[in-house]
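The lines below spell out each chain.
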Amino acid sequence: MQNKEKITQLIRSARDSDRRELTEYESKQILSLWGIPIVRTELARNVSEAVQVARKLGYPVVMKIASPEILHKSEAKGVKVGLNSESEVRQAFEQIISNATMYKKDAEIWGVTVQERIPPAREVIIGLVQDGAFGPTVMFGLGGIWVEVLKDVSFSLAPVSELDAWEMIHEIRGYPVLEGMRGEKMADLKALVDILQKIGLLAIEFKNIGEIDLNPVFAFEAGKGARVADARIILRSNGL
Amino acid sequence: MTETCGNLYVAKESTLATPSQRILSENITRLREFFNPTSIVVIGASREPSKPGNVILRNLKKSGLSLYAVNPYAKEIAGVKCYSSVFDVPGIIDMAVIVVPSKFVIQELKKCVARRIKNIIIISSGFSEAGEEGRKAEEEARDIIKESGTKLLGPNTLGMLLPSKKIDTFFVDEYTLPRPRPGDVAFISQSGSISLAFMDFAKAHNIGLSAFVGLGNKLDIDENQLLEYFGEDEETKCILLYLETFSDGRKFAELCKEICKKKPVIVLKAGRTARGVSAAMSHTGRLSKGSDRIVDCVLKRAGVIRAYTEEDVLDYTAALSWMPPMKKGGVAIVANGGGHCVISADLIESSEDIQLRLAEIGEIQKEKIKSLLDIPISATNPIDLTAMATDDNFKTTLSVLAKTETVEGVIVELATLQGVSERMVKIVQNFFKNCGKPIIVCVPGGDSARKLAKKFEAEKIPVYPSLKRGIYAANVLLKRGMWLDRIKNFRR
């Protein structure tokens, strides 16, 4: 219950400042409050906080600009990956902030998010959309060219039953990739089922959420879970 | 899990609405009245034999119901007494069929509501489909019936055809378009032209209808109301829908999911790219916008069998209403020709959208088939009985397949040759009667093939003019069976 209130607060504060699109950091906070595992991400408001967080998460880390006015982070040169030491973190912080200011002069900047780097995994995309005929609908697909070029995705109405979620995963053409190729182990499908179901419930509970992109979600080997690496939540245009 | 019901299979543990839910469904009670009128008035009856107002009156006359006509200038049309206004018609009137030009529809509708006629069909076109003015008229009509308890079908519709009651509001006579026989398929359609084509198909292929309902512009009665009604209707064992738009897609999916547990629902959803997604700021939004994949997935989860062409509708209806579903999909193919076998094997093994597979036939069964036949064959599936095959060879082979556990269904493929005769119909029928496994027949060819096919259809055995169509129809039996199985047996 407390978590629900916190989510409502996060949504309201974006609304209050006239933003439909939540930042990656806010989106991840919501997901985390809703029980969806995310790649550990913390906000550092200054260099020393960044260093502290990095030490806590362990090297290497990923750093990204945190600004409600900069949503295309790579375009603003606001992403640095594979940072291996305190000095690299310090340097990255300064660079990201100055790049952001160059990209958008008076942008409101909250700081920089510091994320743990995670082991290689298969990438999937999980999303939510409001369909004209069906209302809130959850999407699943494999990351990369599978979704970009082949549009290899599947859908289910929210809320998503466990059976629906299993079917969504099984009916994409790229399913064998999740099953594992060339000696690879099966991906943790149970963890993906869980995220799909939770996204469906999130949309049912918070009617003002219009669209969600979890892209990518890292799916580890069976038993090792899955975690959201990047997220965007977009609110509906017509009020709370 | 299934039991025979006539020639049709329904789930035994059907999830019919509980008694309390039944009481709740005002919609079903009202539609039951709508589909059971005892007196009908045709408003806009015409003396001109080719005019809709005349054809409809003549068609309705065959129902033997109390029939009245409204035409201020005539005394009698086609033996039906005319009144100058609906107010002059004596007694209780259950239903009005309005067929006046669009500009007069509103005034006639007002009269009907004032006259307390509770069931109305507006055949006339010229409403929202024709532009802004028509859309406004439709709004006005909606206001007129509001809170009057009136059920309205249309406007811009063929109306309805209830073959068992001979209630028929088509503006096409039976000479131009013969009607299908009474039966157990309900057909709900948003298009007139496709409906007429399907009527003709149904007539030609012995598909019987419990009802046809033309949705028209869906001013009041929409597909969801009808779906709920025919889902509960005991005469209806299979529901077909042709839709261009969903009134409420979410409700539609929910209804289908319940109904499909009891009876098959086949949907031809056209206008694939015309659907919107509210916004598309996200990657997901862009991937979903106008995506037909959403419709595909949603219908599949709801257990609906999706058709993509009018031909699919016909093919799947015959299969699903005459044969039981398959769970695993191991089929045996028996043919009197090598080409048929090879083409079918290719289709089954290499089509991405076919889940059927060729059943493994064990050595013991193979030997049995070989020893019982007087022709040298290998008895490997697909089983080629060769051009020398006779009816009896088919009969013998089928009798072994009936007892072969790995074989869940059979596809018989016939070339019209000396050896095979009309006796094949009885043989196939008996196979089905005795073992209950679904069996589908393919007779590729022209007139001679069609002549033989008709004999199968007469006995409600699905028969197809091409191998591909037969295999896709058989695959639909599997799709349905797999869905039923998933819904029933899914465990984490």
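Residues numbered from 1 in each chain as written. Chains lettered and ligands numbered in written order. Predicted model: local features only at pLDDT ≥ 70, side-chain atom pairs only at ≥ 80, totals over all residues. Heavy atoms only, no water.

Draft legend 1. Summary view of helix α2 (residues 26-34) of chain B. Within the sequence span of α2(B), burial applies to Asn27(B), Ile28(B), Arg30(B), Leu31(B) and Phe34(B). Take α2(B) and look down its axis: the buried residues cluster within an arc of 165 degrees, on one side only. (Buried < 20%, exposed > 50% of the residue type's maximum accessible area, 1.4 Å probe, protein only. Helix = DSSP H or I, 4+ residues; strand = E, 2+ residues; numbered from the N terminus. Arc of directions from axis to C-beta.)

Draft legend 2. Representation of the interface of chain B and chain A within the structure. Each side of the interface is counted separately: chain B has 32 residues, and chain A has 40 residues. Interface of chain B and chain A: buried area, both sides summed, is about 3,000 Å²; carbon and sulfur atoms make up 56% of it. When the buried area of chain B at its contact with chain A is split by residue, Arg250(B), Met281(B) and Arg301(B) rank highest and sum to 23% of it. Connecting chain B to chain A are five salt bridges. Put simply, Arg301(B) and Glu167(A) hold a salt bridge, and the shortest N to O gap is 3.2 Å. Our count for the contact surface shared by chain B and chain A stands at 15 residue pairs in polar contact (both at pLDDT 80 or more). Secondary-structure elements contributing two or more residues to the side of chain B that touches chain A are α8 (249-259), α9 (283-288), α10 (292-301) and α17 (467-489) of chain B. Looking at the side of chain B that touches chain A, the element that brings in the most residues is α10(B), giving seven residues. Broken down by class, the residue content of the side of chain B that touches chain A amounts to 13 nonpolar, nine polar and 10 charged. (Contact = heavy atoms within 4.5 Å. Buried area = accessible area lost by both parts, 1.4 Å probe. Salt bridge = Lys/Arg side-chain N within 4 Å of Asp/Glu carboxyl O. Polar contact = N/O pair within 3.5 Å; in protein donor to acceptor, adjacent residues only side chain to side chain. Nonpolar A, V, L, I, M, F, W, Y, C, P; charged D, E, K, R; others polar.)

Draft legend 3. Structural detail: the domain arrangement of chain B. All names here are of chain B. Each assigned domain of chain B is listed with its residue range as follows: domain 1 (180-276 + 284-322) and domain 2 (325-489). Taken over C-alpha atoms, the centre of domain 1 sits 28 Å from the centre of domain 2. In this complex, domain 1 contributes 23 residues to the contact, which on the side of domain 2 involves 21 residues. Buried area between domain 1 and domain 2, both sides added, is near 1,800 Å², and the carbon and sulfur share of it is 62%. Among the residues domain 1 hides against domain 2, the three largest losses belong to Asp315, Ala319 and Trp322. Together they make up 30% of the total. Put simply, domain 1 and domain 2 have two salt bridges between them. The residue Arg469 makes a salt bridge to Glu311 at a minimum N-O spacing of 3.4 Å. Summed over the shared surface of domain 1 and domain 2, the result is nine residue pairs in polar contact (both at pLDDT 80 or more). Going through the elements one at a time, α10 and α11 (310-322) are the ones with two or more residues in the side of domain 1 that touches domain 2. (Domains from an automatic or database assignment.)

Draft legend 4. The state of the cysteines, seen in detail. For the coordinates displayed, the defined rule picks out zero disulfides over all chains. No disulfide involves Cys297(B); its nearest neighbouring cysteine sulfur is the one of Cys256(B), lying 15 Å away. (Disulfide = S-S within 2.5 Å.)

Draft legend 5. A look at a nonpolar patch on the surface. The grouping of Ile145(A), Val149(A) and Leu150(A) at the surface amounts to a nonpolar patch, some 290 Å² of accessible area in total. Mapped onto the fold, Val149(A) is located in the loop between α5 (145-148) and β7 (153-157). (Patch = residues over 30% accessible without salt bridge, like charges linked within 9 Å, V, L, I, M, F, W, Y side chains within 5 Å. Areas by Shrake-Rupley, 256 points an atom, 1.4 Å probe, with all protein chains shown as cover.)

Draft legend 6. Spotlight on the packing of aromatic side chains. Residues and elements named next belong to chain B. Throughout the structure, instances matching the rule amount to 11 aromatic pairs over all chains. Ring centres 5.5 Å apart and planes at 45 degrees place the aromatic pair Phe35 and Phe230 in the tilted group. Of the two residues, Phe35 sits in the loop between α2 and β3 (39-43) while Phe230 sits in helix α7 (residues 223-232), which places them 195 residues apart along the sequence. Exposure class is identical for Phe35 and Phe230. Each is buried. (Phe/Tyr/Trp six-rings, centres within 6.5 Å; stacked < 30°, edge-to-face > 60°.)

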